[in-house]
Amino acid sequence: MTDIAERPSIDQAMWSERLVETAAPAIQAEITRALPSGEELLMQVRADMEVEGQFRTRWLAVSDSRVLVYAPDDGVINSVDLAEITLVRNDPLVGGGRLEVECRQAPTVVVAYSSTMSEKFSEVARGLEQMRQGQPLAINTQLERIRCDRCHRLLPEKDGICPACIHKWSTLKRISCYIAPYKWKAVALAVASVITTGAELVPPLITMRIVDDVFLGYFASKKSPADLEHSVQLLGFLVLVLVGMRIVSWGAEWAHGWIVAWLGAQATADIRSELYKRLEMLSLQFYDERKVGALMSRVTRDTGRLQEFLVDGLPYLIINGLMMLGILGFLVWMSRQLTLYILVPVPFLLIWGVVFWQRMRRFFRRWGETWSNLTDRTAETLTGMRVVKAFSQEGREMHTFGMLNRKITEIGVRTSVNRTVFFATISFLTGFGVLIVWFFGGQEVIAGRISLGTLLAFYSYMWMVYGPLEWFGQVNSWMTRAFAGAERVFEVIDTDPESYDDAKAISIPQIQGRVRFQGVTFGYDKSKPVLKDIDLEVQPGEMIGIVGRSGVGKTTTINLIARFYDADHGTIEIDGVDIRQLNLRDLRRQIGIVLQEPILFSGTIGENIGYGKPGARFEEIVVAARLANAHNFIVAKPDGYETQVGEMGSWLSGGERQRVAIARAMLHNPKILILDEATSSVDVETEQQIQQAIGRMVEGRTTFAISHRLSTLRDADRLVILDGGKIVEVGTHADLMMRRGVFYDLVQLQEEASRIIAIAD
Ligand code: ADP
Ligand code: MG
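Here's a quick rundown of the structure.

What counts and how
- Residues numbered from 1 in each chain as written.
- Chains lettered and ligands numbered in written order.
- Predicted model: local features only at pLDDT ≥ 70, side-chain atom pairs only at ≥ 80, totals over all residues.
- Heavy atoms only, no water.
- Helix = DSSP H or I, 4+ residues; strand = E, 2+ residues; numbered from the N terminus.
- Rg over C-alpha atoms; globule rule 2.2 N^0.38 Å.
- Buried < 20%, exposed > 50% of the residue type's maximum accessible area, 1.4 Å probe, protein only.
- Contact = heavy atoms within 4.5 Å.
- Lys, Arg positive; Asp, Glu negative; His and termini not counted.
- Charge placed at Lys NZ, Arg CZ, Asp CG, Glu CD.
- Near = heavy atom within 4 Å.
- Polar contact = N/O pair within 3.5 Å; in protein donor to acceptor, adjacent residues only side chain to side chain.
- Areas by Shrake-Rupley, 256 points an atom, 1.4 Å probe, with all protein chains shown as cover.
- Pairing = 2+ DSSP bridges.
- Axes fitted to C-alpha atoms, helices over the stretch in contact; angles between N-to-C directions.
- Patch = residues over 30% accessible without salt bridge, like charges linked within 9 Å, V, L, I, M, F, W, Y side chains within 5 Å.
- Salt bridge = Lys/Arg side-chain N within 4 Å of Asp/Glu carboxyl O.
- Expected span 1.5 Å × (residues − 1).

1. Let's talk about the overall build of the chain
Item 1. Within the chain, the regular secondary structure consists of 21 helices and 20 strands.
Item 2. The C-alpha radius of gyration computed for the chain amounts to 36 Å, which surpasses the reference 27 Å derived for 761 residues by more than 25%, pointing to a less compact arrangement than a globule.
Item 3. Overall, the C-alpha framework of the chain stretches about 130 × 80 × 60 Å when taken along its three principal axes.
Item 4. Buried residues in the chain amount to 44% of all 761 residues.
Item 5. Sequence separation of 24 or more characterises 68% of the internal contacts of the chain that already satisfy a separation of 6 or more.
Item 6. Computing the positive centroid from 82 side-chain charges and the negative centroid from 89, the chain places the two 5 Å apart.

Here is the structure:
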């Protein structure tokens, strides 16, 4: 398996002829010995259960001709010849599953695993089946990773980054790159930090002078009026220096805070905007593989943590680090022996800090998990309130919420209690430092080896050393969190975007609309093709109806035309140019898509119609709306074109949304029009209006229309019937009805269904 640092980017091939997990060298040697010599390992995976249900490691290894199961304690448990196998079965069960390989003579091979491994074993089962049938192995090896490959810890999100395994140093270097454009501010920051530190270090020294020179000096003198005057003058001067230091420190802190806030905010804004830009440019494939919620949290939470780190964390670390060094230097200079005394509690503080924060990490994780459970659950039920009420399940939801809420409270209380214990122990330990200094330092003073002022200065410095130490135990966990966030952000930034600005791409500002599929094969998962070897040539202006059962690949076909995905084999040409060579912006600009469930964005109706053509004039928008049969309903609303559509267009009815979407596509004025079930989710009357609008729109454009109401495709020039991933029939509606093939059957089926519904009504 791969290393985090060199994990393949998502566009690299995900399928392969091999799925081999690394085993410990000793185990690997035994497995290799048990395989026929000279054969290669094709699959080797770890299972984590015994057939009886206890957790225990088992290894399943498959070579060219042999399947074996190895148990670290018992050696090879099963070993069968591939030719022996009669059946491969993978049964998902509650909390896990089992893979069973039935053989002609030998007993059935059974491997049990927990649910985190289900996906892996379903691929293994598929691979075994392929091998049994003598096919080359083609399985998906880029499985969803739930645990870290390297340290086997649970990952915070599926396929996520393991916080324990990131290279902190290289991440830090990369984060600093975002500061680089603001070098002078960073230099100013460093200067301000040094001044702030310096200003903090001076006052104890002055105190020392006040005690030693002013007070003790005066007491030791003859106490004449001249001595008095001298002492008071010195006191005034030293206090003035203190005032000066305060002012300097105030100014430096002020500047420091200002620069830090500015730099941190600016750098994270840069990162955030780079991230968002990349998210917009990534292919749909990227989105297929991730959850929107997880991506959202990268834009908001992870960049937020990074900002926290840059604004609060890093400067705090630097200042306190500098200060520690400065103070230690001073202390050693004043008295080496006392310095050693001060350092006595330090190892205890450090050990306690590390131990404690390790412990707290568990709490924090549980706390985080429970929180996200609660928020996910709440978001889901609030969105689905209609369903909750319809089934009158309010009580149940309240109960679930109450349970989670109690759990959070409980963890929260325990966390707080722990925290209190932590700080109490810290002050207990540092208290010892104080006692040591008084006792031993006091003796030094009495013996006259150090002055009283020195002891008092020591006392102040000591607190400056202990203060930051309280936090140093926490630095690691807290840096880890910030860096893991940064890595999640960088992962997105590093993914290859769609190639909008490929200089080599051919630009066709005005396409004709000739579309040609040549031997196109495509699957979302390459080992399970949805479309197989599709050939189709479409003339400019032609209207093609795509027909087939649900899930046959109709939407997939048009996804390929819009180049949301690239074909695995074969080519798709537009006006004779392979779409992979065509400028992507040109291509998308000339394709208009109307979907079954059109998506509108919050804003007004007018803004939504103009979405694809920024700066469209109002008259243009009205013309488009008229053509889409939308104008009438729009002006009937009190705010007309200024009407707000709500989130995702939810304040409009389905039919209204659909017509706004059609108007939007009209204004976009595409040469290739794609209608994916555009009339499926509206009532009959609206459907007629939409059909009429579509009728107007189709003229002079190459159109691909998908509709499961076959009657609506009567006007198509040709119908293409898909079945089992292939084109099985092509022809006009009338042709195909005469031929009495697949299409005819589908029509019959649908008419029968509508008759039954009519009777039932
Ligand atoms: P339809 O003909 O109903 O439009 P689709 O083209 O949407 O069918 O889907 C064809 C097949 O591809 C289905 O089996 C579907 O489950 C699968 N599929 C569709 N979209 C995705 C996706 N984004 N990721 C993985 N599989 C998909
Ligand atoms: Mg579809």
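2. Let's talk about the site of ligand 1
Item 1. Residues in close proximity to ligand 1 include Asp288, Tyr524, Val530, Arg549, Ser550, Gly551, Val552, Gly553, Lys554, Thr555, Thr556 and Tyr565, which together make up its full environment.
Item 2. Separating an oxygen atom of ligand 1 from a backbone N or O atom of glycine 553 is a distance of 3.0 Å.
Item 3. Threonine 555 has a polar side-chain atom sitting 2.6 Å from an oxygen atom of ligand 1.
Item 4. Bound to the protein, ligand 1 loses 58% of the 560 Å² it would expose on its own.
Item 5. Sort the elements by how many residues they give to the shell around ligand 1 and helix α13 (residues 554-561) lands first, with three residues.

3. A closer look at the sheet that holds strand β15 (residues 577-578)
Sheet strands pair via backbone hydrogen bonds, and the direction of the pair is either parallel or antiparallel.
Item 1. Within the open sheet, the four strands sit side by side as β12-β11-β14-β15. Their pairing is antiparallel. The open sheet is flanked by β12 (531-538) and β15, the only strands paired with a single partner.
Item 2. Looking at chain direction, strand β14 (residues 569-574) and β15 are connected through two bridges and run antiparallel. Paired with glutamate 573 across the two strands is aspartate 578, which belongs to β15.
Item 3. Lying on the sheet, α13 is in contact with β11 (515-522), β12 and β14; it crosses β11 at an angle near 120 degrees.

4. Notes on a positive patch on the surface
Item 1. On the surface, Arg359, Arg361, Arg362, Arg365, Arg366, Lys407 and Arg414 cluster together into a positively charged patch.
Item 2. Contributions of two or more residues to the positive patch are made by α9 (345-383) and α11 (394-446).
Item 3. It is α9 that provides the largest number of residues to the positive patch, a total of five residues.
Item 4. By secondary structure assignment, the location of arginine 366 is in helix α9.
Item 5. Since its relative accessible area comes to 38%, arginine 366 is described here as partly exposed.

5. A word on helix α2 (residues 118-132)
Item 1. Taking 1.5 Å per residue, 15 residues should reach 21 Å; α2 reaches 21 Å between its end C-alpha atoms and fits that length.
Item 2. Just downstream of α2 lies glycine 134, where phi reads positive at about 75 degrees.

6. Comments concerning the sheet that holds strand β16 (residues 591-594)
Item 1. One open sheet accounts for six strands, arranged β16-β17-β18-β13-β19-β20; its pairing is mixed. Taken across any chain shown, the strands that pair with only one partner, and hence form the sheet edges, are β16 and β20 (726-731). Averaged over all adjacent pairs, the angle separating strand axes in this sheet is 20 degrees, with direction ignored.
Item 2. Packing of α13 onto the sheet brings it into contact with β13 (543-547), β16, β17 (672-676), β18 (702-706) and β19 (718-723), and relative to β18 it is tilted by some 155 degrees.

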